[in-house]
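Coordinate analysis (summary)
Here are the chains, one letter per residue:
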Amino acid sequence: MKIYSLLLLAFTSFNTFSQLLPPVKELAFISGFGHGTARATLPEGVYHPLFFIAHMGNDLGRFIKNPDLKKGIFTTYTELQFNPVAIRNDSLNTGMNYSEFEFGLNSGLKYMYPITPKWFVNISGGTGPFYFSTETRQQYKGFIFNNNFGIGTSYFLTKNLAVTALFRLRHMSNANIFSPNYGINTYNYHFSISYFLF
């Protein structure tokens, strides 16, 4: 009997919480690749992530009052990421061996503005907790924040289905919680396919 009561309480709590969230607007899968910037190259080599990202956007359109901006799509998003990582060191001829990894959550805001009925430009920014496995003298292994800013363009193939090309500038560091904390910066190039719930 106790287990049924706990299940009922968990379901009721989840149902109440889900009703407080804005309605889901976008479901997407994002892939891509990145490379470390020249300014933040690790002593061990250049940081190269491959991206596998599940993206969910919740509608915030009701908060936009400007009639012109209301033409666009305004969302808060949550992303679950698992990204293999290679550390390439040309002097050691290490190649692109994706033996490291990073994973975590990212949350942020995204705005898409229509240039034509099918073509949109977008801007986004977010942050979130991450774990990365790389042993380096420049950055403490383990907990880290994944901070990013992106610009992109989307094209609607149908009323609900869109493809997006996206560039993100990313900075990872741990806010000096652990040392060393010099940070890891990457330029990231993404392609995504999205389904919008209109």
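Residues numbered from 1 in each chain as written. Predicted model: local features only at pLDDT ≥ 70, side-chain atom pairs only at ≥ 80, totals over all residues. Heavy atoms only, no water.

A closer look at the environment of Gly104
Relative to the helices and strands, Gly104 resides in strand β4 (residues 100-114). The exposure class assigned to Gly104 is buried, which follows from its relative accessible area of 10%. Separated by 24 residues in the primary sequence, Gly104 and Leu80 have C-alpha atoms spaced 6.1 Å apart. In contact with Gly104, not counting residues within four places along its chain, are Glu79, Leu80, Gln81, Pro129 and Phe130. (Helix = DSSP H or I, 4+ residues; strand = E, 2+ residues; numbered from the N terminus. Buried < 20%, exposed > 50% of the residue type's maximum accessible area, 1.4 Å probe, protein only. Contact = heavy atoms within 4.5 Å.)

Focus: a nonpolar patch on the surface
A cluster of nonpolar side chains, namely Val24, Leu27, Met56, Tyr195 and Leu197, defines an oily patch on the protein surface of about 400 Å² accessible area. Along the chain, the position of Leu27 falls in strand β1 (residues 24-36). Accessibility expressed as a relative area gives 42% for Leu27, which makes it partly exposed. (Patch = residues over 30% accessible without salt bridge, like charges linked within 9 Å, V, L, I, M, F, W, Y side chains within 5 Å. Areas by Shrake-Rupley, 256 points an atom, 1.4 Å probe, with all protein chains shown as cover. Salt bridge = Lys/Arg side-chain N within 4 Å of Asp/Glu carboxyl O.)

Brief notes about the confidence of the model for the chain
Averaged over the chain, the pLDDT score is 89; the fraction of residues at 70 or greater is 87%. Least confident of the elements in the chain is helix α1 (residues 2-20), whose mean pLDDT is 50; most confident is strand β5 (residues 119-127), at 98. Below a pLDDT of 50 lies the segment residues 13-18, which in the model reaches 0 contacts outside its immediate sequence neighbourhood of four places, other chains included. (pLDDT = per-residue confidence, 0-100.)

Observations regarding the pattern of salt bridges
Counted according to the given criterion, the structure contains 6 salt bridges. For Lys71, the salt bridge goes to Asp68, with nearest N and O atoms at 3.1 Å. By relative accessible area, Asp68 is classed as partly exposed at 36%.

As for the side chain of Asn160
Tracing the backbone through its elements, the reader meets Asn160 in the loop between β7 (142-156) and β8 (161-173). Classification of Asn160 by relative accessible area gives buried; the value is 18%. Excluding residues within four positions of it along the chain, Asn160 makes contact with Ser194, Tyr195, Phe196 and Phe198.

Some thoughts on the nonpolar core
Leu42, Tyr47, Val85, Ile87, Phe130, Phe132, Ile144, Met172 and Ile184 form the largest nonpolar core, which has 9 residues in total. Those elements giving two or more residues to this core turn out to be β3 (73-88) and β6 (129-132). For Ile87, the contacting residues outside a window of four places in its chain are Leu42, Glu44, Gly45, Val46, Tyr47, Thr94, Gly95, Asn97, Glu100 and Thr134. In this structure, Ile73, Met112, Phe156 and Ala162 belong to the second largest nonpolar core, which totals 6 residues. (Core = buried A, V, L, I, M, F, W, Y, C linked by side-chain atoms within 4.5 Å.)

Observations concerning the pairing of strand β9 (residues 184-196)
Residues of β9 alternate between two faces, with Ile184, Thr186, Asn188, His190, Ser192, Ser194 and Phe196 buried on one and Asn185, Tyr187, Tyr189, Phe191, Ile193 and Tyr195 left unburied on the opposite face. By the bridge criterion, 11 bridges tie β1 to β9 in an arrangement that is antiparallel. When the sheet's bridge partners are listed, Gly32 is paired in β9 with His190. Bridge count for β8 against β9 is 12 bridges, and the pairing is antiparallel. Pairing of Val163 across the sheet is with Ile193, part of β9. (Pairing = 2+ DSSP bridges.)

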